[in-house]
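Coordinate analysis (summary)
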Amino acid sequence: MKGFRRLLVGALAALGVLSSPIPVSAAQAPIHFADLNWESGSLITDILRIIVEKGYGLPTDTLPGTTITLETALANNDIQVIGEEWAGRSPVWVKAEAEGKVVSLGDTVKGATEGWWVPEYVIKGDPAKGIKPLAPDLRSVSDLPKYKDVFSDPESPGKGRFLNSPIGWTSEVVNKQKLTAYGLNDSYVNFRSGSGAALDAEISSSIRRGKPVLFYYWSPTPLLGRFKLIQLEEPPFDAEAWKTLTDADNPNPKPTRSLASKLSIGVSTPFQKQYPQIADFFSKVDFPIDPLNKALAQMSEKHTPPRQAAEAFMKAHPEVWQTWVPKDVADKVSASLQ
């Protein structure tokens, strides 16, 4: 890519193009944001991009990839921002942070969580819908073997189905290792959806039909803003055991709940140094989880594009984002939203 750019510059120079003055905005290379393929990630990313573009006058774009490839790209400064980074979870991030290549800024969504969930009616039933409790004593992941027939996998008779994250997500590796650590491989199928949207669709379809479903999920998300769910208990967190869960090649993973969730904005170290004012803004980002979950639910139900949903959130909650930036920046962004 760098070689191509040099050739392009040379060609333009030969044509005399570079001798003509051009606007600063046209010459400014865009800030590359990770194109995150789950609702909260895409909504938060577009809110950040709107503020950077309209408030600070800097161009942005997005580049796609899996969680692991995007963290690798951030470490190499091929992208500069990951709008929703579950910092400290993946070995790629931990290594890059230890080497001083990446930085996590802020505590963007307090109360974020992740784990294994079932719809409330699976345990408590729903008399209004004529649903009887199918797993009344289900409390913990240790109870799952006796309920494998409740969560029956249609393609693997005798086993239940666990809906995991898509391949390429750090959580997919962790959940695969958890199935081994919890002794569930003989009773449950590790089912991976092709994308975050496919995982959403599978869960939502089951819940709307009143069917039992066992799945990995996290908050902030549309599902937690829309449905009544119960998170299953897991063993207390153990730091050494956690290392075995994040290592896809560890043959003997140990049981533990996931590392306590802290969402932040991941940036490359060169970006932090080049744009200290943007880094300062990122460090102040704080989304109240309830309004965020409701916005995500509306975004999902109405199939609203992320940019449009971001603008709607910002119009509805100026008291949230205006505290992150100086007044002159906030005024420019507000004017652009009219």
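Predicted, not measured: the structure shown is a model, and the values here were computed from it. (Residues numbered from 1 in each chain as written. Predicted model: local features only at pLDDT ≥ 70, side-chain atom pairs only at ≥ 80, totals over all residues. Heavy atoms only, no water.)

**Some remarks on the overall build of the chain**
- When helices and strands are tallied, the chain shows 16 helices and 10 strands.
- Against the globule reference of 20 Å for 338 residues, the chain gives a C-alpha radius of gyration of 22 Å, in line with a compact fold.
- Counting only C-alpha atoms, the chain reaches 75 × 45 × 35 Å along its principal axes.
- With 338 residues in all, the chain has 48% of them scored as buried.
- Sequence separation of at least 24 residues holds for 71% of the intrachain contacts in the chain that already meet a minimum separation of 6.
- Carbon together with sulfur atoms contributes 55% to the accessible area of the chain, which is approximately 16100 Å² in total.
- Within the chain, one finds 37 positive and 38 negative side-chain charges whose respective centroids are separated by 2 Å. (Helix = DSSP H or I, 4+ residues; strand = E, 2+ residues; numbered from the N terminus. Rg over C-alpha atoms; globule rule 2.2 N^0.38 Å. Buried < 20%, exposed > 50% of the residue type's maximum accessible area, 1.4 Å probe, protein only. Contact = heavy atoms within 4.5 Å. Areas by Shrake-Rupley, 256 points an atom, 1.4 Å probe, with all protein chains shown as cover. Lys, Arg positive; Asp, Glu negative; His and termini not counted. Charge placed at Lys NZ, Arg CZ, Asp CG, Glu CD.)

**Examining the side chain of Glu53**
- Mapping Glu53 onto the fold places it in helix H3 (residues 39-56).
- Only 2.5 Å separates the side chain of Glu53 from the side chain of Thr60, close enough to count as a polar contact.
- Only 3.3 Å separates the side chain of Glu53 from the side chain of Arg307, close enough to count as a polar contact.
- With residues near it in sequence (within four places) discarded, Glu53 still touches Leu58, Thr60 and Arg307. (Polar contact = N/O pair within 3.5 Å; in protein donor to acceptor, adjacent residues only side chain to side chain.)

**Remarks on the nonpolar core**
- Leu144, Phe151, Phe281, Phe282 and Trp324 are the most contacted members of the largest nonpolar core, which totals 93 residues.
- With seven residues, the top contributor of residues to this core is H3.
- Setting aside residues no more than four positions away along its own chain, Trp324 makes contact with Ile47, Ile51, Phe281, Lys284, Val285, Asp286 and Phe287. (Core = buried A, V, L, I, M, F, W, Y, C linked by side-chain atoms within 4.5 Å.)

**A short note on the sheet that holds strand S6 (residues 160-164)**
- Read across the open sheet, the five strands follow the order S7-S6-S8-S5-S9; overall the sheet is mixed. The open sheet terminates on both sides in strands that have one partner only, identified here as strand S7 (188-192) and strand S9 (229-231). Strand-to-strand twist in this sheet, taken as the mean axis angle between neighbours without regard to direction, amounts to 40 degrees.
- Relative to S7, S6 is paired through five bridges, and the arrangement is parallel. Residue pairing in the sheet places Asn164 in a bridge with Arg192 of S7.
- Helix H7 (residues 170-181) rests against strand S5 (113-119), S6, S7 and strand S8 (214-219) of the sheet, and its axis sits at about 155 degrees to S6. (Pairing = 2+ DSSP bridges. Axes fitted to C-alpha atoms, helices over the stretch in contact; angles between N-to-C directions.)

**Some thoughts on the UniProt feature "domain: ABC-type glycine betaine transport system substrate-binding" (unreviewed entry) in the chain**
- On the UniProt side, "domain: ABC-type glycine betaine transport system substrate-binding" (unreviewed entry) is annotated at positions that read residues 30-315 here.
- End C-alpha to end C-alpha, residues 30-315 measures 25 Å, and it is 41% helix and 18% strand. (UniProt positions renumbered as here; feature names shortened; annotations may be inferred.)

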